[in-house]
Structure formats: structure tokens, C-alpha cells
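Residues per chain are reported as follows:
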Amino acid sequence: MMKKSRLIAVLLLLCLLFPLGAQGQAESGQQKEIELRWASIWVGNDSKAPAVEALVEEFNTKNAGKIKVVIEPQPDYNAYEQKVRTSLAAGQAPADIFTIKFNPTTATFYQSNLLMDFQGKLDDAWKGTFDAGSLEQSTVDGMLKSLPMETAILPIWYNMDAMKSVGVNAMPATEQQMFSAFDKLKAAGIAPTSQMTGDTNAWTSMIWFSHFAVSLGGPNVWDKPFTDPAFVEAANLIKRMIQEYSTADAVGLGAGGSGGHFLAGRTAVFSNGPWYAGRADLAATPFFDSIKIGGLPAVGEYEDIMISRLQANICAASSKDADKEQAIVDFLKFLTSPSSIAKIAETSGAMFAIKTDYRPVNNLQKQFYDANEAASTTAFDLEAALGAEVTLEFAQQLGALALDRISAEEFCALVDRKIER
Amino acid sequence: MQAVGTRNRWIWSARILFLLPVSLLFFFFFIYPFFFTVFTSFTSWRGIGSMKFNGVKNYAKLIADPTFQKALGNNIVWALSQGLIQVPLACLVAMILVRKPFGWRGLRTIYYLPNVISTVALAMVWVAIYNVDGPLNAILADLFGMEKHNWLGNPDTALFAVIFQTVIYIGYFMIVLLASAMNIPRSLYEAAEIDGASTLVQEINITLPMLRGTLITTMTLAMAYGMRHFEATFLMTGGGPAYATTTMGIDLYLKMDALRYSEASTSGVFLIIMGTLVITLLRKLFGSSDPMSEMAQ
């Protein structure tokens, strides 16, 4: 009886294993399709989503049976950032392909062996398609573990309908003109600018501060100690902006509130990146066609410097499988080719670190390209240059500065203690 | 004899089998993370690369950090507010509702309603209420001619504004206390009435002592929540302005955000220690006896 049972068990086991063996033999005869998982943030309502999805489909069709890229949608950016951090901390790449906002904080990811180093993969032809400055900014200790893809300039937005209503017919070209225009707006009961100290980066005010600091200290101002006179003067200027030329709720206000004031016409001057240009609620405003984009008038000796940042760098998981690494490189070459980038730019109006001949036709998007080209040079904003922790301290202490709880010198000293040297 | 032995073995096997799933979950999702957190708090680690042992440096840095000191102070204010304002308020309402006044069922539902609404939604509503151009300033201006005030943007009022919108939601503790109060034997009140005791005297001498055990439990829960408070403040002020509303939970989160994993672990360990201290202190102060359960025995 016992022997019979054992025999049945062995037979059952053989029956289970046979199909597996047969399948293995069948597969060894044909080339295995490589599947690449892409944790993409350009999904859902994102303006880049349709073009990105079409490109992935095009690539999959061209490489049918060899490579298949599968998009894993990441619609919530904050949750996505947490996923990237925790996955890398747990010793796993979040996906085969993913993006990061490159700054000194995320540059820590370069220490991970889980990320592919593109330095050896980037041939001259491919390298030539990228903006050299962006490639250099993405290189840490000789490693290029993320490729610059989406970039952004952070100019100043003027609601010219509001400006014209107080007799200002052109964007201010000098500091004097700027304050004069702001005084006129204020006298007419319009808060001139949308400032804010809330959220973890005091976003719109951080952009203003970056413009001031760069104009006062030059494009390399972020290399100086934060106690440098350029920063102290910039702190005094941003304090004046919040106290005299913004809405009463600026201290503690978040980005939603700051943008909301501009959209509602309560403020006339705003600051944000090109992604804001594609918003439906902006297009619905009565002043949409009057919006002018430009730099901030020089408040120091450095003129025509535009504030910019690397908005999205693309990373890939390193792999022991050479075929898989090659498949990733093939896809990224396709995705970052000038023709692919032109397609994404056309639908989204976003700006890229890859050189293309594309020029937008949309008035607002075109102004971003014009403002970028008009600048003599670009410089990073505070967050892109000094990282998340320094920016958090900036945002927290900005409220105290605006409420006169601390002086500009104390403000700069407090931010300075957070900078790692 | 052998049958008894086999039965005992079966009973023990069954006990282990029943305990195994929950024990495994407890080990993997509490014991292991707890010891991992304690371990990493003694290292220098940014979530990537190898950990370097650095002794108690993180603890020394944390204690000397003015932001953390502010967070600790705020958490103590939170714990006291929840334990000494929210729970007594809940107890007062429970004591009124237990006497079943007109519409008590409706009131019970209304008081509990905010507890079924998401914290995010409530926080957003209160951000609008506290806005410079919001309804609170409008009402105060109409009634007292007060000037507009930036409640969440002023370090002097931000903390109390956030605490206020939390402590007024007494529903959860009210329901717990009400359930307990409803179990107090009616005979005690009847005897007191025969002796001529007023309602107030009955509440002080019967209801409150009988609720002692439940009150200690609710206070412990409320204060422990106050020590680990995070959501509402993070949503309403992000810990600002100038760290005026920051808490240990926010400090921990922001350290994680800046990839300071080992320092975040140190904040986490501190949070656990503070929570344990609060519970121990409450037990020492009020004891753990419960007249209701003693009566039941």
C-alpha cells in the first residue's frame, strides 16, 4: 500500500515537471523578448502623456518580439518620489527605467550600484544630441547615472491686462520701473505679486529669491556661503516683496494659493515654470492672451540671467544581463532622439535638454523659448543648486523674516547652517 | 495516560498554529522594523550605500537641534491639549447625553460625524476658514471690528489654530465614554436620588469615579496621539511658519525627505521613548484600577 502511494506521488511529480522542461526546450530555440518596466510620471492628465505613450507604442512595434517597454503609471508625484527613495534604500531599483528631479539631495542616488552609469554607454553621436551644460550638471564624480531630459526655465509672468489698467504698457526693464509698476498696482488695489512661504520650498518666492541672488552675486552665486552680501541683499528684497507687494496671506501660503491668486486676477505678477502654461484653468482666464513672460529686471550687476533647473532626469537600473542593458540603451536612444523629443515638446510645450529644431507655435509656450534664448546665461534656482534640506530651511525661515522676527543676516545664517560643505 | 499526553500535544500544537500567523506579522511588521530603526539610529546612513556606526552622535545632534526642541515642545502642548481639553470635553458631552435628553441620538451622530470625514478634507476646510479673507476673520470683523489676521501664517497663533481644529472633534472619545457611562448601574443613581443628591453631586460622586478606568484609557490614547501628531499640521502648515507648528512626526518625515535615514530613525526612537513615557506617567499618576470591572467581578 505504502509502495503504491509513493509510486503515485513520483508519477504526479513527473507529470508536473514535464511541461516545464518541455517549455524550456521550446523557448531555448527562439529569442526571448526583453520586457522593460518604465515607472513613468508622464501619464494621465500630464501634458506629455499622449506623446510618450505613442512613442512607447512605436518603439514596441519596431522591436516586436525583441524588446517590450511597459509603462507603470505613477500619477502621484509625491508617492512616486517616496517609492524611488524607499526602493533604493531597500536595495531594489524602482523599475528598469525611471525619472528623478536632479539636485544635491537626489545626487545621493549616484552612490547606488543599482543605477546604470551612462558614461560608458554614451557614444559621441548620442552625447552630441544633449545640451552640454545639462550633461555636465548631471555628472557627479565622473559618473553619469541619470540623463538630463526635461529642463525648465523659471521666468516671471506678467498679466499685462492688469499692468495696462494702471498705465504700465510694457514689462519693466529696470528695478526702478519694476517698483514703480508695483506701486501703481498697489495703489489700484491689486496685489502686485504672488508670494508664498508655505510648503516645503516656498516655491514662487524661492524663484524670486533665486532671480535676486543671481543678479546680485552672478551665476555662480550658489557656490558662495549663504552669509554672502548677495544673499543678505536678496533676503531684504524678498522680504520687501512679501511685506509690501504681495497678498496679506503670503506668509504660510502654499503653491496652490499663490497660483490661485494669479489665476483669479488678484495678483498681477507671478513666477513658475513652463508646465503651468498648459493648465486649462489658466487658458480659461480672461487675461490669458495678455500674459507676457520675461526675466526679472536686474537688481544687481549681473543682467539677463535666466533661472533654470533640470526638471526630470532619466535613470535606468543596472543589470548583469548585457542584453537587457543594451535594450535599455536602445530605448533611451530612441526616446531622447531629437525627433522623439520634438513630438513630446509639440504636445506639451515642455523644454528639454536635447537639442531639436522644434519651435512652439502657441504664444505662451513660444515666449518661454524666446525668454530662454534671450538670456545671456542660465543659473540654477536655490532648490536645484542646494537641495531639499536647504530649501526647507529657506521656506521655514522666510516666514520669520517676512514677519520681522529675524533680520536678513540672521535669516541667511540660519539657511547657511543647513548647507553641507 | 497516553491519551491525555496526546491531547495536551494537540492543544499546544493548535495554540501555536493559531498564534503563528499573527506572531509572524507582528515580528515582520513591528519587532524587526523596531530593532532596525534602533540599529540605524546609531549609524550614519542616507538610505544608499553602507551604514557607518557613529555611536550616539545622532542623539547628541538631535537633542542640540533647536528645530527638534521646538518639535518636542509642540508635541507636549499637543499631548496636554488632547488629554486635558479634548477628553474632558468629550466626557462632559457623554455625561449630558447619557441622561438621554431630547434629540440625544441625533446629537451623538452629529458629534461623531467629523470622525468619519477624512483628515485631509477637514484640514482643507479649516485652511479656508483660517484664511485672511476667510469666514473666521469676516465674523470677527462683524462682531468685534477686529482687523484681518493671518491665523496660520503667524507663529503666535498658528499652533493654537491647528490644535483648536483637532480638539473640538470629540466624537471618538465621547462615544467610548458614553458607552461606558451607559453601563453604570441605574440603582446607584436611584439610591443617590433617594438620599437627595442633586444631578451635579451624582455626576461628581457616581459617574466620574465609575468612568475612571475609561477616562484613563481615553486620556492615554489622546496623549499618545498628541505625542505622535502629524497629519493635520503637515497638511495645514507643513510645520511652519519658522517651525512654529512642527512636531516630532514632521521632523522625522522631513529628515526622510532629505535622505537622512539614520537621523530620521533617531527621531523615531525618541518618539517611541516619549510615547512610552507618557503612558507610564499616566499609569503612575492615576493607577490602572477600574471600578466598573471591579464591580463586575
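By convention here, each chain's residues receive numbers from 1 onward along its written sequence. As a convention, the first chain written is A and the first ligand written is 1, with the rest following in written order. Local features in this predicted model are restricted to residues whose pLDDT is 70 or higher, and side-chain atom pairs enter the listing and the counts only when it is 80 or higher, whereas totals over whole chains, interfaces and linings include all residues.

### Focus: the overall build of chain B
Runs of H or I in DSSP of at least four residues are treated as helices and runs of E of at least two as strands, each being numbered from the N terminus. Along chain B, the regular secondary structure elements total 15 helices and two strands. Relative to a compact globule of 297 residues, whose C-alpha radius of gyration would be 19 Å, chain B shows 24 Å and is clearly more extended. A principal-axis box enclosing the C-alpha atoms of chain B has dimensions of 90 × 75 × 30 Å. Three exposure classes are used. Buried residues have 20 or more other C-beta atoms within 10 Å of their own C-beta, exposed residues have 12 or fewer, and partly exposed residues fall in between, all C-beta atoms being placed from the backbone. Taken across its 297 residues, chain B has 34% of its residues classed as buried. We call two residues in contact when their backbone-placed C-beta atoms lie within 7 Å. A sequence separation of at least 24 residues applies to 73% of the contacts in chain B between residues at least 6 apart. For the radius of gyration, the atom set is restricted to C-alpha positions; the globular benchmark scales as 2.2 Å times the number of residues to the power 0.38.

### Side note on the overall build of chain A
Along its length, chain A carries 17 helices and 11 strands. Expressed as lengths along the three principal axes of its C-alpha atoms, the size of chain A is roughly 100 × 45 × 45 Å. Here chain A, with 421 residues, has 47% of them falling under the buried criterion. Within chain A, contacts between residues separated by at least 24 positions form 77% of all contacts whose residues are at least 6 apart in sequence.

### What to know about helix H14 (residues 363–374) of chain A
All names here are of chain A. To estimate how far a helix should reach, multiply one less than its number of residues by 1.5 Å. For H14, spanning 12 residues, the distance from its first C-alpha to its last is 16 Å, which sits close to the expected 16 Å at 1.5 Å a residue. Regarding H14, the residues found buried are Leu364, Gln365, Gln367 and Phe368. The buried side chains of H14 occupy one side of the element, clustering within an arc of 155 degrees when seen end-on. The directions considered for the arc run from the helix axis to the C-beta atoms.

### Points about the packing of helix H8 (residues 171–181) of chain B against helix H11 (residues 212–227) of chain B
Residues and elements named next belong to chain B. Only the stretch in contact is used when a helix axis is fitted, and all axes are lines through C-alpha atoms; the angle between N-to-C directions ranges over 0 to 180 degrees. Their axes nearest at 10 Å, the elements H8 and H11 cross at an angle of 170 degrees. Here H8 lies roughly antiparallel to H11, going by the angle between them. Note on packing geometry: the crossing formed by H8 with H11 is right-handed. Contact residues: H8 offers Phe173, Val176, Leu177 and Ser180, while H11 offers Thr214, Thr218 and Ala222. Broken down by class, the residue content of the contact of H8 with H11 amounts to four nonpolar, three polar and no charged. Working definition: roughly parallel below 35 degrees, roughly antiparallel above 145 degrees, roughly perpendicular at 65 to 115 degrees, and oblique for all remaining angles. Each crossing is labelled by how the near helix is turned from the far one, with a counterclockwise turn of less than a right angle marking it left-handed and a clockwise turn marking it right-handed. Note that Gly is not counted as nonpolar here; it falls among the polar residues with everything else outside the nonpolar set of Ala, Val, Leu, Ile, Met, Phe, Trp, Tyr, Cys and Pro and the charged set of Asp, Glu, Lys and Arg.

### Some words on the environment of A:Ala49
Residues and elements named next belong to chain A. For Ala49, the position within the fold is in helix H2 (residues 49–62). For Ala49, a count of 20 C-beta atoms within 10 Å corresponds to the buried category. Residues Ala49 and Asn313 lie 264 residues apart in sequence; the distance between their C-alpha atoms is 16 Å. The residues touching Ala49, leaving out its near neighbours within four places in the chain, are Trp42, Val43 and Gly44.

### Section: unusual backbone geometry
All names here are of chain B. In this chain, Gly240 is followed by Pro241 through a cis amide linkage whose omega measures -5 degrees. Tracing the backbone through its elements, the reader meets Pro241 in the loop between helix H12 (231–236) and helix H13 (248–257). Non-glycine residue Lys100 carries a positive phi angle of around 50 degrees. In this structure, Lys100 sits in the loop between helix H3 (66–97) and helix H4 (104–112). Taking the C-beta count within 10 Å as the criterion, Lys100 has 10 such neighbours and is therefore assigned exposed. Backbone geometry places Tyr243, a non-glycine residue, at a positive phi of 65 degrees.

### Looking at the nonpolar core
Counting residues in each nonpolar core, the largest one holds 183 residues, and the members touching the most others are A:Leu36, A:Phe212, A:Ala213, A:Ala234, A:Ile238, B:Ala94 and B:Leu177. Per-element tally for this core: the top contributor is H3(B), with 10 residues. Segmentation of the chain into domains, including their bounds, is taken from an automatic or database domain assignment. Counting contributing residues, this core receives three or more from each of domain 1 (34–152 + 309–352) and domain 2 (156–308 + 367–416) of chain A. Note on terminology: a nonpolar core is a set of buried residues of type Ala, Val, Leu, Ile, Met, Phe, Trp, Tyr or Cys, with members joined through C-beta atoms within 7 Å.

### Re the domain arrangement of chain A
Residue and element names in this part refer to chain A. Domain boundaries assigned for chain A yield domain 1 (34–152 + 309–352) and domain 2 (156–308 + 367–416). Domain 1 and domain 2 are separated by 31 Å when their C-alpha centres are compared. Across the contact, 12 residues belong to domain 1 and 16 residues belong to domain 2. Its residues assigned to classes, the side of domain 1 that touches domain 2 shows five nonpolar, six polar and one charged.

### Details of the environment of B:Gln86
Within the fold, B:Gln86 resides in helix H3. Remark: the alpha-carbon pair of B:Gln86 and B:Leu107, spanning 21 residues in sequence, is separated by 17 Å.

### Quick notes on H13(B)
Residue and element names in this part refer to chain B. Of all the 10 residues making up H13, eight are buried; the element is thus mostly covered by neighbouring parts of the structure. Residues Met248, Gly249, Ile250, Asp251, Leu252, Leu254, Lys255 and Met256 constitute the buried set of H13. At the C-terminal side of H13, Leu259 shows a positive phi close to 60 degrees.

### Some words on the interface of chain A and chain B
Facing 25 residues of chain A, the contacting portion of chain B comprises 22 residues. Those elements that provide at least two residues to the side of chain A that touches chain B are helix H3 (77–89) and helix H16 (388–402) of chain A. The dominant element in the side of chain A that touches chain B, judged by the number of residues it contributes, is H16(A), at eight residues.

### Focus: the sheet that holds strand E8 (residues 291–294) of chain A
Residue and element names in this part refer to chain A. Pairing within the open sheet is mixed, and its four strands lie in the order E6-E7-E5-E8. The two strands at the open ends of the sheet, each matched to only one other strand, are strand E6 (191–193) and E8. Each strand axis lies, on average, 20 degrees off the axis of its neighbour in the sheet, ignoring direction. The rule for pairing is simple: two strands pair if DSSP sees at least two bridges between them. Summarising the sheet, strand E5 (residues 156–159) and strand E7 (residues 267–271) pair through three bridges and their orientation is antiparallel. Of the residues in E7, the one forming a bridge with Ile156 is Ser271.

### Examining the packing of H3(B) against H13(B)
Residue and element names in this part refer to chain B. Running from N to C, H3 and H13 point in directions that differ by 145 degrees, and their axes come no closer than 8 Å. Seen from H3, the contacting residues are Thr67, Phe68, Ala71, Leu72 and Asn75; seen from H13, they are Met248, Ile250 and Asp251. Looking at the contact of H3 with H13 residue by residue, the class counts come to five nonpolar, two polar and one charged.

### What about the confidence of the model for chain A?
Residues and elements named next belong to chain A. Taken residue by residue, chain A gives an average pLDDT of 90. The fraction at 70 or more is 93%. Ranking the elements of chain A by mean pLDDT puts helix H1 (residues 2–28) last, at 52, and helix H9 (residues 229–244) first, at 97. Each residue carries a pLDDT score, the predictor's own confidence in it, on a scale running from 0 to 100. Note that residues 19–29 has pLDDT below 50 and, in this model, one contact with residues that lie over four places away or in other chains.

### Focus: the confidence of the model for chain B
Across chain B, the average pLDDT comes to 90, with 96% of residues at 70 or higher. The ipTM value of the predicted complex is 0.81, and its pTM value is 0.83.

### Section: the pairing of strand E3 (residues 97–100) of chain A
Residue and element names in this part refer to chain A. Of the two faces of E3, both are covered, the one formed by Ile97 and Thr99 as well as the one formed by Phe98 and Ile100. Summarising the sheet, strand E1 (residues 34–40) and E3 pair through two bridges and their orientation is parallel. Across the sheet, the residue bridging to Ala39 is Phe98, located in E3. Alignment of E3 against strand E9 (residues 305–316), held across four bridges, turns out to be antiparallel. From the neighbouring strand, Ile100 faces E9, where its bridge partner is Asn313.

### Things to note about the environment of B:Ala141
By the element assignment, B:Ala141 lies in helix H6 (residues 135–144). Judged by local crowding, B:Ala141 falls into the partly exposed class, with 13 C-beta atoms found within 10 Å.

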